[in-house]
Each structure stands twice: as structure tokens, then as C-alpha cells.
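# Chain and residue survey
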Amino acid sequence: MISLGRRRILSALLAAFVILTVWRARELSASGGGAAPERPMTGYSKYEPEKDYFWRTIKHNFPINPSQMRSLPTSAAATLPPIQAKFPPESADEKKVRLGRRNDIKESFIKSWNAYKKYAWLRDEVTPVSGSYKDPFGGWGATLIDALDTLWIMGLKDEFEYAVYDVEKNALFLSTISKEINVFETTIRFLGGLLSAYDLSGDKRLLVKAHNVGDMLYKAFDTPNHLPIARWDLHDAAYGNKQESQSTSLLAEIGSLCMEFTRLSLLTKDPKYYDAIQHISELLAASQEKTKLPGMWPVVVDTQKEYFDAGTTYTLGGMADSTYEYFPKMMALLGQQDGIYYDMYTRSMEAANEHLFYRPMTPTSEDILFPGFVDIDANDPSRKKELRPASGHLTCFTGGMLALGGKLISSNDHLSWADKLTNGCVWAYRSFATGVMPETFYLTPCADRDACPWDATKWQADVAKAHGAGGGAKEAQSIIAKEHIPEGFSSIMDARYILRPEAIESVFIMYRITGDRKWQDKAWEMWKAIDNLTSTKLANSAVRNMNPPEGQKVEMADSMESFWLGETLKYFYLIFSEPDLISLDEWVFNTEAHPFKRLR
């Protein structure tokens, strides 16, 4: 029970936080929608943790004895194989073309950044059509912090300093305008962004802020079983009330915290963050072979009961994706050639290859792959499996993951899957008139991955079935014409394009591991299509339908998520940069494209 005196102190502090939040919102509104003010530049400060930072002083209800915490790695356990290719010499003409392309992308970044500065400074997102702002991530300046490392990488050092000044002064991470925060999103965007910007620049102001965010998020682990609350009411936590992790959580939100918390422990020398996420990893490893689809976990898990097989759908796509992505990346970060991350990576990819990967039937019989969804009937003793050949942007990271993992474990099979999966997403981009892939879609799967001749009759029957129509050719042809469906696709479930980075992420990694310039050409084709589709007077906007009917204009959604500056444009820029700029042999990217230094 909290004493009366402590309750009064907490109430006073929380009242101050509310006043601060309201005052800050009014100040930003009065400044013309969040426009960035002028300010002096400052130098680097000495690293000194803020001892009186609220989330560092609040008592935990279920504390962990420091002597029982897992030991923090201090150096790489092994010398891992090189990831990057040895690049061939570049002619003067090739360099001129490459730098021209890179400059085009940099100019788009500057355009979007300036729109954010003018209309949404210190807010989460700018609205790139109307010139206003939104705060979907707590109102803590998601775009500002997500873009810090991109500013540094692009050589925009004055803009970087300008931004860091306000991060130091205004990014307080005390209270929020939101009822609850998403711990996963806050970790990958805010903690990841600050850690990466510090790793790149050495500016200790950023490490101070990262340390603060880490201690705020660490309170979300203050539960009886020390598993985090994925959707967290931090106001309730600030009062000192006891909390429990949730009975329904998404796999990605639980399993994708390990890179950021590990890097924070390595930089602060405090093992508690690493200890917290290693606890999750050990539970995942222990349950991996006991699920309804051994080797993988379902989208839905029950962290309250530590039950990691609650759901019946298994996928590498959204709601599960980055849990799998982080297994090889943790190997790279820590320099580990074996152990639980190696085991979880290899086991999950063997299961995915056997059950999820499928080849789509295409008019020219491309040898490509996509990861689908597997649904399992929990009431069937035989665990009957049904493949749903659905894919989309959130599965397009898999090529890059397997390329990285394949190099780390020296597996030609993984590298072959990586090539086919990445080329699958490139094919999907090229299949549409706009040159851009939709958010989610269904394809017609091949019966055999080795040989798959085109069968128009089968494709049309699949289209009719997907739309609940009769199996006749006339019905299918009518649907295809009305829905503007390319050959090989059976339905487009979500036709939005929201400036996603996953496809270019995999193209970038394939370029870095092969040194083959064909990947640069594919990236440039993707870039021109994306920019043509999404460019506005102010910046770039998500679109509601990237595949509009003939003669219909594309409708802008007036949305520019922070990952446009933090991920998409960064990957496009890096693929046209010198290969030693953020070498994959020295750095590893988190799922928000924030590079962390690898242990040596």
C-alpha cells in the first residue's frame, strides 16, 4: 500500500505533468501549428543521467534483485562471417548516375523535413496535404526523433543540431496526451531513434534521452511475471498502481523489444534492460517446438499466463513480423554464432519454408516466392493446416531478413529464398499500372514450387472464388476489369500505399550482400513510381488506392507516418550511397531502420 505522504507527492507530480502537457499543447498551437522556432546552436554535453527523472525514481511493485539479473555481454562471442559483398570498381559514368539518383532522394527528404518543421514541429506527424499535424504516438515528436539518424546519414549536420537542441529541451517523456501508449512502437521509434542517433553522432544529449525513455518503458515490465504490458496506461502506472501484462497480446509487440533494450544496456552498462528482454526470449525459445505449428508462434499470445500458442494463425507478416526479424539481428548485434537467437531463427525459417512460402502463378512463370498465412484448426487432433496465399508490404521484409541470416549462418538455401522473396515484391510493384504494390492482396498459388506454367482458366476461377462469385469465366473477367486486378492476383484486400519501407529494405540488403547493380536499378524504378504516386506540394502522402479504376485520380490520405523519413527514404538513400556508409559488417538496423553499432 502506498503511504498517504507518497500519494500526495505522486499526485502533485502527476498534476504537474498534466499542466505541462496542456501548456505545451497550447504553446505549440499558438505557434502556428507547431512551426519550428529559431534557436541558438549548442555543443555536446557531458553524459550525466537525470537522477531526478520521474520514471527513474518511482518505486516498482515487483522489483528484480540485481544479483539475479542475467549477465550482460561485453564483447562479441564469435567472429561472424562477413555480410557485405566486395563491390566491383565503379566507372565515372556509373558514379554520376548513382549520385544523381541519391540526390533526387535527398531532395525529397529535405522537402518532407521542411514541411514537418513548418507545420508540425515537436508533433508526431505532419499532414502533407492540409499542412497540419497529428499525434498518434503520444505527442512526443515521432517524426522528429525517427528522422534524427537520417539527418546525420545524409550529412545534414546543421539540421541535426537544430533538431537535437529541441529534443534536449522538449522531449520530456513524462506524461502523454494519449490514454495509453504502444510499448512496441515507442521502443522502436523513440528509444531506437535516440540510440541510433547517439551511436552515429556521439552526442551524449541523445543518450540521456534514450536512458530516460528506457526507464519509462522499463516500468511497463513491472508486472508479477515481469512480462511487459503491450498497450500500457502509463498514467495508472505513475500512480504506483499494480499492473498485469495482458491476456491478449500480439507476438510482434512482445518479441520485438530485444535489440533496443540490449543496446541500451550495452551503452549504460546497466544489465536490467537486457535482463528484461532476455526473459521474453527464453520463454519464446522454450515454447517454440510446442506450438500448433512447431517452429513458429501464432499472432496472438497470452503473456499474462505465459502461453505463447494462444492463437491459430501463423505468419511472418504484420503482428508477428519483427519478432522473427530480430533473431538474426540479435546474432549480429551481439556477435553470437550460436545460442537461442540462432536456434529460434533457424527453426522458424525451416517451418516457414515448409508451411508458409509459396510460389505464385504468373504469366511469365517467374521463380519467385511470397510468405503466406497458415490457419490451424485447434479442435482438429491432426492439426489440419490451411495456407492462405495472402501477402503484402509487411511481409516484404522477409527477403532482407533471410539475406542477413543466410550470410550469418552461411546458408545458400536461405540466400536463395531471400532472392526469390525480394524479387517477388519487386514483381508485385511492377504488376500494377502505378508501379506500386498495395498494402495487402491475395495471389493464385502454384501447386508446385519447381514448375508452374501459367493457366488463365485456373487464375480466373481463383478470382471468382476470392470474390464469392460463380466460377464462370465471364464473372471472373467482369471482376478483373472492375477491380483492375493484374494477372496472378486473385484479390486486392487493401489498396492503400502508406509510404511503407519493407520492399526497399530487402532490395537494399540484397544489394549490399551481392554487390550487383541490378538491385540499384530495381530500387530506382520503385522510387520513381512511389514519388510519382505520392508527391504533394508539401511532402509525400499515403494514398487511399494505389490501383484506381481507369481515368480516376489517386486520392491522397493526407498522412505521412514517421517511417517515411526514418525508414523509406533512408533505405533509398543508402542503396545509392558508397557501400561503406553504414556497412552491414559494422551496423545492424532495428525494425524502424535505426542502425546500432555491432559488438566487436
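Just so we're clear, the structure is a prediction, and the values are computed from it rather than from any experiment.

## Structural notes on the pairing of strand S10 (residues 373-376)
- In S10, alternate side chains face the same way, and those of Phe373 and Asp375 on one face and Val374 and Ile376 on the other are all buried.
- Where strand S7 (residues 313-315) meets S10, three bridges bridge the pair, whose relative direction is antiparallel. The partner of threonine 313 across the bridge, within S10, is aspartate 375.
- As defined by bridge partners, S10 adjoins strand S11 (residues 385-388) across four bridges and the pair is classed as antiparallel. From the neighbouring strand, aspartate 375 faces S11, where its bridge partner is glutamate 386.

## Thoughts on the pattern of salt bridges
- Counting across every chain of the model gives 33 salt bridges.
- With a shortest N-O distance of 3.2 Å, aspartate 521 and arginine 101 are connected by a salt bridge. Within this pair, whereas aspartate 521 is found in helix H20 (residues 518-534), its partner arginine 101 is found in helix H3 (residues 92-119), the two being separated by 420 residues in sequence.
- Owing to a relative accessible area of 43%, aspartate 521 belongs among the partly exposed residues under this scheme.
- A relative accessible area of 17% means that arginine 101 is categorised as buried.
- For lysine 420, the salt bridge is made with aspartate 367, and the minimal N-O distance between the two is 3.4 Å. Pair noted here: lysine 420 is in helix H16 (residues 412-430) and aspartate 367 is in the loop between strand S8 (357-358) and strand S9 (370-371), with a separation of 53 residues, a long-range link.
- Residue classification places lysine 420 among the partly exposed residues on the basis of a relative accessible area of 22%.
- Using a relative accessible area of 39% as the deciding quantity, one classes aspartate 367 as partly exposed.

## Things to note about the packing of aromatic side chains
- If you walk through the whole model with that rule in mind, you get 33 aromatic pairs.
- With centroids separated by 6.2 Å and ring planes inclined at 65°, the aromatic side chains of phenylalanine 370 and tryptophan 427 adopt a geometry described as edge-to-face. Placement of the pair is phenylalanine 370 in strand S9 and tryptophan 427 in helix H16, with a sequence separation of 57 residues. When sorted by exposure, phenylalanine 370 lands in the same class as tryptophan 427, which is buried.
- One aromatic cluster is present, built from ring pairs that chain together Tyr358, Phe370, Trp427, Phe432, Phe441 and Phe489.
- When the ring centre of tryptophan 152 is taken as reference, the NZ or CZ atom of lysine 157 above it lies at 4.0 Å.

## Here we look at the nonpolar core
- Core analysis: the largest hydrophobic core is formed by 186 residues, its most contacted members being Trp55, Trp113, Phe173, Met216, Trp232 and Tyr324.
- Top element by residues in this core is helix H7 (residues 183-201). It accounts for ten residues.
- Beyond its immediate chain neighbours, meaning those up to four positions away, tryptophan 232 contacts Trp55, Glu180, Ile181, Val183, Met216, Leu217, Lys219, Ala220, Ala237 and Gln243.

## Topic: the UniProt feature "active site" (unreviewed entry) in the chain
- With numbering aligned to this structure, UniProt lists the feature "active site" (unreviewed entry) at Glu185, Asp321, Glu439 and Glu502.
- Along the chain, glutamate 439 falls in the loop between H16 and strand S13 (440-443).
- Residue glutamate 439 is classed as buried on the basis of its relative accessible area of 6%.
- When residues no more than four places from it in sequence are discounted, the contact partners of glutamate 439 are Ser391, Gly392, His393, Asp494, Arg496, Ile498 and Arg500.
- Note on placement: glutamate 502 falls in helix H19 (residues 502-514).
- Note on glutamate 502: relative accessible area 10%, which makes it buried.
- Beyond its immediate chain neighbours, meaning those up to four positions away, glutamate 502 contacts His393, Leu394, Cys396 and Phe397.

## What to know about the environment of aspartate 580
- Within the secondary structure, aspartate 580 sits in the loop between helix H21 (563-575) and strand S15 (587-589).
- For the pair aspartate 580 and glutamine 84, spaced 496 residues apart in sequence, the C-alpha separation works out to 9.1 Å.

## Description of the sheet that holds strand S14 (residues 489-494)
- Spatial strand order, S12-S13-S14: three strands in an open sheet with antiparallel pairing. The open sheet is flanked by strand S12 (390-392) and S14, the only strands paired with a single partner. In this sheet, adjacent strand axes meet at a mean angle of 30° when their direction is disregarded.
- Relative to S14, S13 runs antiparallel, the two sharing three bridges. Residue pairing in the sheet places leucine 443 in a bridge with phenylalanine 489 of S14.
- Across the sheet, helix H17 (residues 456-466) lies against S13 and S14, angled at about 30° from S14, the strand it touches most.

The rules we used
Residues numbered from 1 in each chain as written. Predicted model: local features only at pLDDT ≥ 70, side-chain atom pairs only at ≥ 80, totals over all residues. Heavy atoms only, no water. Buried < 20%, exposed > 50% of the residue type's maximum accessible area, 1.4 Å probe, protein only. Helix = DSSP H or I, 4+ residues; strand = E, 2+ residues; numbered from the N terminus. Pairing = 2+ DSSP bridges. Salt bridge = Lys/Arg side-chain N within 4 Å of Asp/Glu carboxyl O. Phe/Tyr/Trp six-rings, centres within 6.5 Å; stacked < 30°, edge-to-face > 60°. Lys NZ or Arg CZ within 6 Å of the ring centre and 35° of its normal. Core = buried A, V, L, I, M, F, W, Y, C linked by side-chain atoms within 4.5 Å. Contact = heavy atoms within 4.5 Å. UniProt positions renumbered as here; feature names shortened; annotations may be inferred. Axes fitted to C-alpha atoms, helices over the stretch in contact; angles between N-to-C directions.

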